[in-house]
Amino acid sequence: MTATDFDKLAKIYDAEKISPWNDLYERPNSTELMGDVNGLTVLDAGCGGGKHCADLLAKGAKMHGFDLSEKMLAIAKDMLGDQINFKTANLAEKLPYQDAQFDRILCALAMHYVKDWTTPLSEFYRLLKPGGKVVISTHHPFMDHALAGGEDYFAHTLIEDSWKKPDGTLYVRYWRRPLTQMIEEIKNAGLEIDLIKEPMPLPETQKQFPDAYQKLTTQPRFIFLVLKKPD
Ligand SMILES: C[S@@+](CC[C@H](N)C(=O)[O-])C[C@H]1O[C@@H](n2cnc3c(N)ncnc32)[C@H](O)[C@@H]1O
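Residues numbered from 1 in each chain as written. Predicted model: local features only at pLDDT ≥ 70, side-chain atom pairs only at ≥ 80, totals over all residues. Heavy atoms only, no water.

The protein goes by Class I SAM-dependent methyltransferase in an unreviewed UniProt entry, where it is assigned to Maritalea mediterranea.

Shown next as structure tokens:
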């Protein structure tokens with residue numbers, strides 16, 4: 001998908017008041033996996049409208065964020081102003097930061113839009129201090145396996161999908177890769193796997209969004225990876 005495609009998504013994303021998938025499941029879990037970030041220099045890669053940046057800023061991180069979409073960044077800047085150093089950048093290219101600049105990197109729900117993970121993972125390695133960690137949340141290969149027709153789990157497949165949102169339907173394209181391929185790409189970048197997690201939504205999801213709660217507690221939706229640059 002192009003920056004213009006993500007610009008179109010920005011308005012619909014922004015209009016959504018509370019999403020069980022993002023606000024009650026993905027964001028609380030990825031923010032928790034970032035650990036104690038007080039005083040740490042943190043990059044949010046593919047920061048979108050900046051909600052994770054706001055959470056991590058509140059936990060005392062010195063935040064930087066980038067995204068491909070100017071419209072997503074405009075939403076983030078509206079919310080957070082100059083508390084955060086935002087840039088326009090592409091995960092699939094060399095990133096505009098120095099070697100070993102960050103203690104932690106978060107990449108929430110952006111990696112499945114990238115066909116080849118070689119560049120983003122080697123860039124995360126370059127940007128991290130030794131011992132630094134990157135937390136990635138992305139589509140679980142099991143979830144997308146059914147959408148891809150359920151035929152070849154081991155295939156690397158482009159999926160075309162539509163998501164119904166309160167303000168319209170989003171047409172999206174993203175890449176599904178098997179877990180084996182993720183692990184191979186991580187190892188090739190020199191990163192160590194600290195944790196692979198399939199977490200649960202927050203308990204309040206059950207009352208507020210019973211259907212989403214049922215799905216999230218019985219089928220994997222996103223997979224969470226904590227990767228470490230060796231000391
Ligand atoms: C599903 S949104 C997630 C936004 C935010 N991380 C969150 O979880 O709320 C995906 C984001 O990834 C960004 N994105 C997609 N491909 C990208 C790329 N190649 N480089 C940088 N950002 C990208 C999109 O513009 C969009 O803001």
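1. Let's talk about the overall build of the protein
For clarity, the cut-off: Strands here mean DSSP runs of E at least two residues long; helices mean DSSP runs of H or I at least four residues long; both are numbered from the N terminus. For a compact globule the rule gives 2.2 Å times the number of residues to the power 0.38, and the radius of gyration it is set against comes from C-alpha atoms. Relative accessibility under 20% of the residue-type maximum defines a buried residue, over 50% an exposed one, and the middle range a partly exposed one, all with a 1.4 Å probe and only protein chains included.
For the protein, the count of helices and strands is nine helices and nine strands. Scaling as 2.2 N^0.38, a compact globule of 231 residues should have a C-alpha radius of gyration of about 17 Å, and the protein matches this with 17 Å. C-alpha atoms of the protein, sized along the principal axes, occupy 40 × 40 × 35 Å. With 231 residues in all, the protein has 49% of them scored as buried.

2. Some remarks on the environment of Ser30
To be explicit about the condition: By the convention used here, residues are in contact when the closest approach between their heavy atoms is within 4.5 Å. In the analysis that follows, any N or O atom pair within 3.5 Å is treated as a polar contact, provided that within protein one partner can donate a hydrogen and the other can accept it, and provided that, for residues neighboring in sequence, both atoms belong to side chains.
Relative to the elements of secondary structure, Ser30 occurs in helix H2 (residues 20-33). Taking the C-alpha atoms as reference points, Ser30 and Ala108, separated by 78 residues in sequence, lie 7.4 Å from one another. Beyond its immediate stretch of four places on either side in the chain, Ser30 contacts His52, Leu106, Val135 and Phe224. Here the side chain of Ser30 touches His52 through a polar contact of 3.4 Å, side chain to side chain.

3. Some remarks on the UniProt feature "domain: Methyltransferase type" (unreviewed entry) in the protein
Here is the rule: UniProt positions are given in the numbering used here, feature names are shortened, and annotations may be inferred rather than shown by experiment.
Per the UniProt annotation, the sites labelled "domain: Methyltransferase type" (unreviewed entry) are residues 43-136. Spanning residues 43-136, this segment combines 31% helix with 31% strand, and its end C-alpha atoms are found 12 Å apart.

4. Side note on the site of the ligand
Stated precisely, the cut-off is as follows: Throughout, the term near means that a residue has one or more heavy atoms lying within 4 Å of the molecule or strand in question. Accessibility throughout is a Shrake-Rupley quantity obtained with a 1.4 Å probe, and a residue counts as covered only by protein chains that appear here. Here the term charged refers only to Asp, Glu, Lys and Arg, the term nonpolar to Ala, Val, Leu, Ile, Met, Phe, Trp, Tyr, Cys and Pro, and the term polar to all other amino acids, Gly among them.
With respect to spatial proximity, 18 residues lie near the ligand, and among them Gly46, Asp67, Asn90, Leu91 and Ala108 are the closest. A distance of 2.8 Å is found between a nitrogen atom of the ligand and a backbone nitrogen or oxygen belonging to Leu91. A distance of 2.8 Å separates a nitrogen atom of the ligand from a polar backbone atom of Ala108. Expressed as a share of its isolated accessible area of 590 Å², the protein-covered part of the ligand is 94%. Contributing elements (two or more residues each) for the shell around the ligand: helix H1 (3-15) and strand E2 (62-67). Residues that form the shell around the ligand fall into these classes: twelve nonpolar, five polar and one charged.

5. Looking at the nonpolar core
What counts is decided by this rule: Nonpolar cores are built from buried Ala, Val, Leu, Ile, Met, Phe, Trp, Tyr and Cys residues. Side-chain atoms within 4.5 Å join them into one set.
Formed by 27 residues in total, the largest nonpolar core has its most connected members in Leu91, Ile105, Leu121, Phe124 and Ile136. For this core, the secondary-structure elements that each account for two or more residues are strand E1 (41-45), strand E4 (102-108), helix H5 (118-127), strand E5 (128-139), helix H7 (179-188) and strand E9 (222-228). If sequence neighbours within four positions are ignored, Ile136 has contacts with Cys107, Met111, Leu121, Phe124, Ile223, Phe224, Leu225 and Leu227. One finds Leu56, Leu73, Leu80 and Leu106 within the second-largest nonpolar core, a separate group that totals 24 residues.

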